[in-house]
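Notes for the structure review
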Amino acid sequence: MYGRDPWGGPLEINAADSATDDDRSRNLNDLDRAALSRPLDETQQSWLLGPAEQKKKKKYVDLGCIIVSRKIFVWTVGSIVAAGLLVGLITLIVKTVPRHHHSHAPADNYTLALHKALMFFNAQRSGKLPKHNNVSWRGSSCLGDGKGKQGSFYKDLVGGYYDAGDAIKFHFPASFSMTMLSWSVIEYSAKYEAAGELNHVKEIIKWGADYFLKTFNSSADTIDRIVAQVGSGDTSGGSTTQNDHYCWMRPEDIDYVRPVTECSSCSDLAAEMAAALASASIVFKDNKAYSQKLVHGAKTLFKFARDQRGRYSASGSEAAIFYNSTSYWDEFIWGGAWLYYATGNNSYLQLATMPGLAKHAGAFWGGPDYGVLSWDNKLAGAQLLLSRLRLFLSPGYPYEEILSTFHNQTSIIMCSYLPIFTKFNRTKGGLIELNHGRPQPLQYVVNAAFLATLFSDYLEAADTPGWYCGPNFYSTDIDYILGKNPRKMSYIVGFGNHYPKHLHHRGASIPKNKIRYNCKGGWKWRDTSKPNPNTLVGAMVAGPDRHDGFHDVRTNYNYTEPTIAGNAGLVAALVALSGDKTTGIDKNTIFSAVPPMFPTPPPPPAPWKP
């Protein structure tokens, strides 16, 4: 027999001895004839028994381009078929066997609390509410804010967020709230996405950013004044003037005059608002036109802050009573850092890393509140924000010295939060006293928890050795807020089975019953011992006292009043701690506008030609 040689010409192959095959075939024919009752015709024989004249079996298979042994060919094809059947069987089992949904593990407590904490901002919205606001007892309110003043630099001041249990819009803590939310989205967008809350939190930020753009001439390059506050709450000296503190009314029913407070020398407020718009511009970087609008507004505000120096709460202003700012130097570093990230302009980085600025902000000395991030003092946050630059981009000279200092100071601050250090006391129940036993402690705790978690994630993402001073602390303090405390009470409304029911909050305490209660008419709802008729889902109350005690009493705001600044820190801490522990920070988004730190090397010279 001849096979085909792939290179051309016949290829002789030795066949097996056919005599043995003939004998075997003869014996098989005898068996077949005994089994069949009648002879088969030629077609039946060829189909059932094969061609009778074939006397020998080929040992090789011609595949066209190659000739292989029949045994190898059969073994290979059989293996492929068997593997295919095995894969098919496994697929069938996977698709038919009932699942226990192990891939969808129940949400952790931090994620569950996150869903609720974000809802608080929906309840705090002022202005014309969207249809999907999802707070049944809230409606549009204060639609006349900022209207009717002729020749003003603003057209209207409708929108924004009410600060706490009242209906005042304080722009200083509100700006800090939006900056914190934006920072958390920039770092942990994947965790927000996994929790199904990314669009929601971005909507919350946009609601705030859109309002801030109304509070100054955001289309101008240079301004000389901004709005600091809408509404009034001064009741000192026994004043009976109807305002947002004297009256106890649902925001939807407010009919008294709400004054607008302007300022022309308010560096802290303007720089904080610049930080809010700059950070939001990174959140919305995919919406180029809107992002650029936010950046322009941030630049204008920061220039105003630098040109017309002064504290917004100076000179006996009402803001000094409620949200007094101690200095504006920390806002200069904070706002400068955010503007650098939003624009990539080195002039902002040069400003934020000026040693003189850091000295004025208190970066080189450790006072009792050093390391405590709050609506008043952003130094700890600014130092961490700039340490991020050193960890991931390492800009070197001339920034290295101050960035190294900020990094070291940040490490010291994080260590100071740990129980083994004595910088801050703890209650018997284990809550860190970052405000040294003063009222309303929880807002400082959640801010610190966010910073500590973020710093830990920075070190891990940068493949840098962790803290040298001990284990992490933050989850224990957050767990305290969620209910692991001596009172077994959750300090987040709607989370768990035992939480405060008498919040110091006008909208939540007055029923939505088609009755309009006037200024004093609502006092009966303020003073009643009955629980609030409306549940303010997600509100973190001010917190317990230094002895872990808590009085669920509506009239005591030091225990039961929530604020947007406190809830912003809570949201940031919860998202940082939530979900899959392998999901870390987004290393690159914050650097989207930052150009390469070092110039691109020139191309190699062209080859030499004689």
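Residues numbered from 1 in each chain as written. Predicted model: local features only at pLDDT ≥ 70, side-chain atom pairs only at ≥ 80, totals over all residues. Heavy atoms only, no water.

**What to know about unusual backbone geometry**
Operational definition: In this description a helix means any DSSP run of H or I spanning at least four residues, a strand means any run of E spanning at least two, and both kinds are numbered starting from the N terminus. Type-normalised accessible area, obtained with a 1.4 Å probe on protein chains alone, sets the label of each residue: buried when under 20%, exposed when over 50%, and partly exposed for intermediate values.
In the segment running from Tyr397 into Pro398, the intervening peptide bond is cis, with an omega of 5°. Relative to the elements of secondary structure, Pro398 occurs in the loop between helix 13 (379–392) and helix 14 (400–416). You will see that His436, though not glycine, has its phi angle at about 55°, which is positive. Here His436 lies in the loop between helix 14 and helix 15 (442–461). When its relative accessible area of 29% is taken as the criterion, His436 is described as partly exposed. The phi dihedral of Asp548 is positive, around 65°, even though this residue is not glycine. With respect to the helices and strands, Asp548 occurs in the loop between helix 18 (523–527) and helix 19 (557–560).

**A word on the UniProt feature "active site" (unreviewed entry) in the protein**
For clarity, the cut-off: UniProt positions are given in the numbering used here, feature names are shortened, and annotations may be inferred rather than shown by experiment. When checking whether two residues touch, look at their non-hydrogen atoms; a contact exists if any pair is within 4.5 Å. Whenever two N or O atoms come within 3.5 Å, that pair is a polar contact, provided that in protein one can donate a hydrogen and the other can accept it, and provided that, for residues adjacent in sequence, both atoms are side-chain atoms.
Per the UniProt record, "active site" (unreviewed entry) is found at His504, Asp552 and Glu561. Judged by maximum C-alpha separation, these annotated positions cover 58 residues in sequence but sit close together in space, the widest gap being only 10.1 Å. With respect to the helices and strands, His504 occurs in the loop between helix 16 (474–482) and helix 17 (506–509). If we skip the residues at most four places from it in the chain, His504 touches Gly165, Trp248, Arg554, Thr555, Tyr557, Thr560, Glu561 and Pro562. Polar contacts involving the side chain of His504 include one to the main-chain carbonyl oxygen of Arg554, which spans 2.7 Å. Turning to its location among the elements, Asp552 is positioned in the loop between helix 18 and helix 19.

**Examining the packing of aromatic side chains**
Put simply, the test is: Aromatic contacts are taken between Phe, Tyr and Trp rings whose centres are within 6.5 Å, Trp giving its six-membered ring; a plane angle under 30 degrees counts as stacked, one over 60 as edge-to-face, and the others as tilted.
Counted according to the given criterion, the structure contains 29 aromatic pairs. Between Trp183 and Trp334, the ring centres sit 5.7 Å apart and the planes meet at 70°, which makes this aromatic pair edge-to-face. Of this pair, Trp183 sits in helix 5 (residues 171–195) while Trp334 sits in helix 10 (residues 329–343), and the two are 151 residues apart along the sequence. On the accessibility criterion, Trp183 (0% relative accessible area) is buried.

**Observations concerning the state of the cysteines**
Two cysteines form a disulfide when their sulfur atoms are joined by a covalent bond. Convention followed: The definition used for a disulfide is geometric: two cysteine sulfur atoms within 2.5 Å.
One pass over the structure, following the stated rule, counts two disulfides. A disulfide bridge connects Cys247 with Cys519, and the sulfur atoms are separated by 2.0 Å. Classification of the bridge connecting Cys247 and Cys519 rests on its S-S torsion, roughly -90°, and on that basis the disulfide is left-handed. With Cys247 in the loop between strand 6 (226–230) and strand 7 (260–263) and Cys519 in the loop between helix 17 and helix 18, this pair connects stretches of sequence that are 272 residues apart. Of the two residues, Cys247 and Cys519, both sit in the buried class.

**Topic: the pattern of salt bridges**
Our working definition: Salt bridge criterion: a side-chain nitrogen from Lys or Arg within 4 Å of a carboxyl oxygen from Asp or Glu.
Counted according to the given criterion, the structure contains 21 salt bridges. The closest approach of N and O atoms between Lys206 and Asp210, which form a salt bridge, is 2.8 Å. With a gap of four residues between them, Lys206 and Asp210 both fall in helix 6 (residues 198–212), about one helical turn apart. In this structure Lys206 comes out as partly exposed when scored by relative accessible area, which is 31%. Because the salt bridges share partners, they merge into one network encompassing Arg138, Arg250, Glu252 and Asp253.

**A few points about the pairing of strand 6**
Condition: A pair of strands is considered paired only if DSSP assigns at least 2 bridges between the two.
Across the five residues of strand 6, five count as buried, placing the element largely inside the fold. In the sheet, strand 5 (residues 169–170) pairs with strand 6 via two bridges, with the strands oriented antiparallel. Its bridge partner being in strand 6, Lys169 is matched across the sheet by Val230. Where strand 6 lies against strand 7, four bridges are found, and the strand directions are antiparallel. Its bridge partner being in strand 7, Val227 is matched across the sheet by Glu262.

**Describing helix 5**
Note the cut-off: The length a helix should cover is 1.5 Å for every residue beyond the first. To obtain the bend at a residue, axes are fitted to the seven residues ending there and to the seven starting there, and the angle between these axes is taken.
Spanning 25 residues, helix 5 covers only 29 Å between terminal C-alpha atoms, well under the ideal 36 Å at 1.5 Å per step. Bending of helix 5 peaks at approximately 90° at the position of Tyr188. Most of helix 5 is tucked away: 21 of the 25 residues are buried.

**As for the nonpolar core**
The following threshold applies: Among buried residues, the Ala, Val, Leu, Ile, Met, Phe, Trp, Tyr and Cys ones that are joined through side-chain atoms within 4.5 Å form a nonpolar core.
Within the largest apolar cluster, 159 residues are counted, with the highest numbers of intra-cluster contacts made by Trp183, Ile226, Trp338, Tyr341, Tyr417, Phe450 and Ile478. With 13 residues, helix 15 is the single largest residue contributor to this core. Those residues in contact with Trp338 that sit more than four places away from it in its chain are Thr179, Trp183, Ile186, Ala275, Ala278, Ser279, Ile282, Leu385 and Ile590. Formed by nine residues, the second largest nonpolar core is a distinct cluster that contains Cys142, Tyr246, Cys247 and Tyr256.

**What about helix 15?**
Taking 1.5 Å per residue, 20 residues should reach 28 Å; helix 15 reaches 28 Å between its end C-alpha atoms and fits that length. Most of helix 15 is tucked away, with 18 of its 20 residues classed as buried. Of the residues one or two after helix 15, Asp463 is the one with positive phi, at around 55°.

**Side note on the sheet that holds strand 7**
This is how it is decided: Axes, fitted as lines to C-alpha atoms, cover a helix only where it is in contact. Angles between the N-to-C directions of the axes lie from 0 to 180 degrees.
Overall, antiparallel pairing links the three strands, which are arranged 5-6-7 in an open sheet. Of all strands in the sheet, those bounded by a partner on one side alone are strand 5 and strand 7. Contacts from helix 7 (residues 267–283) reach strand 6 and strand 7, with the element oriented near 95° to strand 6.

**Things to note about the side chain of Arg258**
With respect to the helices and strands, Arg258 occurs in the loop between strand 6 and strand 7. A polar contact is formed between the side chain of Arg258 and the side chain of Asp145, at a distance of 2.8 Å. Within the structure, the side chain of Arg258 is placed 2.8 Å from the backbone oxygen of Ala167, a separation counted as a polar contact. With sequence-adjacent residues up to four places away left out, Arg258 is seen in contact with Cys142, Asp145, Tyr162, Ala167, Lys169, Val230, Gly231 and Asp244.

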